[in-house]
Amino acid sequence: MTILAVFVATVLGLLLMAGLDVLVFKQPFVRVFVDLLPVFPDTSTVFMFAAAFVMAAWVDFKMTDRLKKKFGKQSNKQGSEENRDAKQS
Amino acid sequence: MTPSKVNPVDTFTLQLVFLLSTSIIFGTPSVVPDSWLVGLVAFFPACLFIVLYSAMLSSQHDLGLYPMLEKAWGKIAGKMFVLLYAIYFLYIAARNIRDMIELVMSALLRITPVPILTSLFIMLIAYTALGGIKAIARFASLILCIVLLMLVTLAVFLMFSSSIILEQMLPFLSKGMWPVIQSAFTHSLWFPYGEIIVFLVFQPELGGAKGFRKITLYAFISACIILTISDLLQIWSLGIESKKYSVFALLDAARLINIANIITRMDAVVALIIIFGTLLKCSVFLFACTEGIARIFKVKTGKLTFPLALVAGAFSILVTRNSAEHVTEGLKYVIYTMHIPLQLLVPLLTLILLRIRYRKGAAT
């Protein structure tokens with residue numbers, strides 16, 4: 001859902017900026033929109049958008065939890081669970 | 001559970017720094033010779049924003065802007081308006097980042113690549129926004145002290161370097177009062193005063209209608225006084241004509257400081273003022289945007305902060321191609337197409353709808 005939210009915000013933001021550029025440059029919408037899109041020579045904005053989507057994907061796919069599960073220490077967790085059980089009993 | 005309220009002093013400093021941040025650097029747009037009067041004149045109609053927004057808040061028991069829109073316009077249209085406001089706040093954040101980058105590029109870091117500056121700055125903004133409105137408000141007190149101290153320092157140094165010539169503000173009202181009133185209604189009313197609408201989003205945490213009315217009025221009065229003094233300083237040191245053609249008038253005024261060839265190049269101080277101010281303003285806008293988007297997509301706000309900050313950073317690079325276009329777009333097109341509808345028309349219609357739909361004793 002985070003990826004979708006970022007995607008919607010990006011598309012709507014680009015449309016809004018293109019709409020304003022139509023008023024400023026008095027050019028057709030499609031031309032202004034294409035000019036606005038981050039394409040090859042202007043790589044900096046491409047990287048920024050890509051980073052935004054990577055971050056959103058990281059959150060959506062719970063990468064931190066997955067990596068913790070795979071590589072994190074498990075002994076502490078077990079210990080805490082044991083303690084909780086002992087307290088409950 | 002009701003959210004804990006932000007301290008009224010912190011709310012006041014937050015609103016004051018928010019109002020001062022970018023407007024102090026650009027000053028009042030010099031479309032008329034007596035631009036310092038424009039800020040004063042704009043204050044009076046700006047108070048109508050306080051009346052309108054506090055009427056909205058009191059009609060719905062201090063509900064935030066987004067739930068209020070949904071309540072007034074219905075579920076689907078309300079969500080569309082929430083999305084519209086979220087994108088508007090994101091766009092304004094992007095424009096403010098661009099303002100800051102333009103100034104830093106011209107004053108401090110001339111050969112540093114823009115994407116690097118932007119990326120570093122948006123990381124700071126995102127980190128500030130991640131703390132929530134309470135953390136931003138506490139941070140505002142510190143920033144206000146720094147900004148005011150630097151402004152006073154600037155004024156004192158300008159005075160000691162004999163750069164202040166009071167006659168530079170003459171001729172007074174050479175074209176009459178009408179252009180001043182016109183400029184107040186077409187520019188200064190919407191920026192910065194109208195942008196206070198963003199604080200409606202956080203009203204459950206900021207104290208509701210009663211607090212909003214009082215605190216915002218004090219913030220408006222303080223901002224009006226400080227901005228007028230800043231405009232006067234710019235005119236006294238640069239003159240009416242030079243100020244008209246200067247993009248960053250306060251920066252140019254700071255460049256005039258020269259006390260016995262020892263204290264010079266004070267433009268870095270001005271750059272610091274805008275860096276701190278913009279940091280806070282963008283954090284507020286980014287947080288408001290994440291709240292809106294999170295509400296629609298039912299995600300936690302914290303998860304959206306960094307991705308949306310990066311999007312705002314990319315938008316700040318794409319938003320305009322050069323400085324001249326940036327200023328023209330901001331002064332002309334953004335005001336008529338975005339500020340007026342979203343700061344006045346939609347809130348006014350929302351208030352009318354709320355009053356009709358939720359009349360006292362009337363079932364909806």
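Residues numbered from 1 in each chain as written. Chains lettered and ligands numbered in written order. Predicted model: local features only at pLDDT ≥ 70, side-chain atom pairs only at ≥ 80, totals over all residues. Heavy atoms only, no water.

This is how it is decided: UniProt positions are given in the numbering used here, feature names are shortened, and annotations may be inferred rather than shown by experiment.
Looking at an unreviewed UniProt entry, chain B carries the name Spore germination protein KB, with the source organism given as Paenibacillus catalpae. Heading Sequence similarities (unreviewed entry) of the UniProt record for chain B holds this comment: "Belongs to the amino acid-polyamine-organocation (APC) superfamily. Spore germination protein (SGP) (TC 2.A.3.9) family." You can read under Subcellular location (unreviewed entry) in the UniProt record for chain B the words "Membrane".

1. A look at unusual backbone geometry
Residue and element names in this part refer to chain B. Formally: To qualify as a helix, a DSSP run of H or I must reach at least 4 residues; to qualify as a strand, a run of E must reach at least 2; elements of each kind are numbered from the N terminus. Only protein chains enter the accessibility calculation, which uses a 1.4 Å probe; a residue whose area is less than 20% of its type maximum is buried, one above 50% is exposed, and one in between is partly exposed.
Here the bond from Phe-191 into Pro-192 is cis, since omega is 15 degrees, no more than 30 degrees from zero. For Pro-192, the location among the structural elements is in the loop between helix H7 (178–188) and helix H8 (203–206). Residues other than glycine seldom take positive phi values, yet Ala-260 does so here, at roughly 55 degrees. Note that Ala-260 resides in the loop between helix H11 (249–255) and helix H12 (267–297). The exposure class of Ala-260 is exposed, given its relative accessible area of 64%. Of note, Asn-261 is a non-glycine position whose phi angle comes to about 55 degrees, a positive value. Examined against the element boundaries, Asn-261 turns out to sit in the loop between H11 and H12.

2. Points about the nonpolar core
Residue and element names in this part refer to chain B. The cut-off we apply is this: Definition used in this section: a nonpolar core is a set of buried Ala, Val, Leu, Ile, Met, Phe, Trp, Tyr and Cys residues joined via side-chain atoms within 4.5 Å. Contact definition: two residues touch when any of their heavy atoms are within 4.5 Å.
Tyr-85, Phe-89, Phe-199, Phe-202 and Ile-293 are the most contacted members of the largest nonpolar core, which has 156 residues in total. With 19 residues, helix H4 (residues 75–107) is the single largest residue contributor to this core. Apart from residues lying up to four places away in sequence, Phe-199 is in contact with Leu-14, Gln-15, Phe-18, Leu-206, Phe-212 and Val-284.

3. Re the interface of chain B and chain A
Spelled out, the test is: Accessible area, probed at 1.4 Å, shrinks when two parts are joined; the buried area is that loss added up over both. Just to be clear on terms, a salt bridge is a Lys or Arg side-chain nitrogen sitting within 4 Å of an Asp or Glu carboxyl oxygen. Counted as a polar contact is a pair of N or O atoms within 3.5 Å, where, for protein atoms, one must be capable of donating a hydrogen and the other of accepting one, and residues adjacent in sequence contribute only when both atoms are in side chains. Charged means Asp, Glu, Lys or Arg here, nonpolar means Ala, Val, Leu, Ile, Met, Phe, Trp, Tyr, Cys or Pro, and polar covers whatever is left, Gly included.
Contacts between the two partners involve 32 residues from chain B, matched on the other side by 32 residues from chain A. The largest contributions to the chain B side of the interface with chain A come from Phe-297, Leu-318 and Tyr-333 of chain B, which together make up 23% of the buried area. Linking chain B to chain A there are 1 salt bridge. Residue Arg-321 of chain B is joined to Asp-35 of chain A by a salt bridge in which the shortest nitrogen-to-oxygen separation is 4.0 Å. Counting across the chain B and chain A interface gives 1 residue pair in polar contact (both at pLDDT 80 or more). Within the residue set of the side of chain B that touches chain A, elements represented by two or more residues are H4, helix H5 (114–130), H12, helix H13 (301–318) and helix H14 (323–357) of chain B. At 12 residues, H13 of chain B tops the list of elements feeding residues into the side of chain B that touches chain A. Residues that form the side of chain B that touches chain A fall into these classes: 24 nonpolar, 4 polar and 4 charged.

4. A few points about a nonpolar patch on the surface
Residues and elements named next belong to chain A. What counts is decided by this rule: Note that patches include only residues with greater than 30% relative accessible area and no salt bridge, and the join distances are 9 Å for like charges and 5 Å for nonpolar side chains (Val, Leu, Ile, Met, Phe, Trp, Tyr). Shrake-Rupley sampling with a 1.4 Å probe provides the accessible areas, and residues are treated as covered by the protein chains on show and by no other component.
On the surface, a cluster of nonpolar side chains totalling about 720 Å² of accessible area is made up of Met-1, Leu-4, Phe-7, Val-11, Leu-15, Phe-29, Val-30 and Val-34. Of all the elements, helix H1 (residues 2–25) adds the most residues to the nonpolar patch, at 4 residues. Relative to the assigned elements, Val-34 resides in helix H2 (residues 29–36).

5. A closer look at the UniProt feature "transmembrane region" (unreviewed entry) in chain A
As recorded in UniProt, the feature "transmembrane region" (unreviewed entry) lies at residues 44–61 of chain A. Helix makes up 94% of residues 44–61 of chain A and strand 0%, with an end-to-end C-alpha separation of 26 Å.

6. A short note on the side chain of Ser-316 of chain B
Residues and elements named next belong to chain B. With respect to the helices and strands, Ser-316 occurs in helix H13. On the basis of relative accessible area, Ser-316 is assigned to the buried category, the value being 1%. Discounting residues that sit within four places of it in the chain, Ser-316 has contacts with Ala-94, Ile-97, Arg-98 and Thr-118.

7. Side note on the packing of H4 of chain B against H5 of chain B
All names here are of chain B. The following threshold applies: Lines are fitted to the C-alpha atoms to define the axes, a helix being fitted only along its stretch in contact, and any angle between axes, read from their N-to-C directions, falls within 0 to 180 degrees. Any angle that falls under 35 degrees is termed roughly parallel, while one over 145 is termed roughly antiparallel, one within 65 to 115 roughly perpendicular, and all others oblique. Two helices crossing with the near one rotated counterclockwise from the far one by less than a right angle form a left-handed crossing, whereas a clockwise rotation gives a right-handed crossing.
With their axes 11 Å apart at the nearest point, H4 and H5 run at an angle of 130 degrees to one another. By the angle between their axes, H4 is oblique relative to H5. Seen from above, H4 lies across H5 with right-handed handedness. Residues Ile-97, Met-100, Ile-101, Val-104 and Met-105 of H4 touch H5, and the partners they reach there are Val-114, Leu-117, Thr-118, Phe-121, Ile-122 and Ile-125. Here the contact of H4 with H5 is built from residues that sort into 10 nonpolar, 1 polar and no charged.

8. Notes on the pattern of salt bridges
Residue and element names in this part refer to chain B. Tallied over the full model, the rule gives 7 salt bridges over all chains. The shortest N-O distance in the salt bridge between Arg-95 and Glu-329 comes to 3.3 Å. With Arg-95 in helix H4 and Glu-329 in helix H14, the pair connects residues that are 234 residues apart, well separated along the chain. Overall, Arg-95 belongs to the buried group, its relative accessible area being 9%. Glu-102 is paired through a salt bridge with Arg-98; the nearest N and O atoms lie 2.9 Å apart. Linking Glu-102 with Arg-98, this pair stays in helix H4, spanning 4 residues, or about one helical turn. When its relative accessible area of 9% is taken as the criterion, Arg-98 is described as buried. Linked through salt bridges whose partners overlap, the residues forming this network are Glu-70, Lys-79 and Arg-295.

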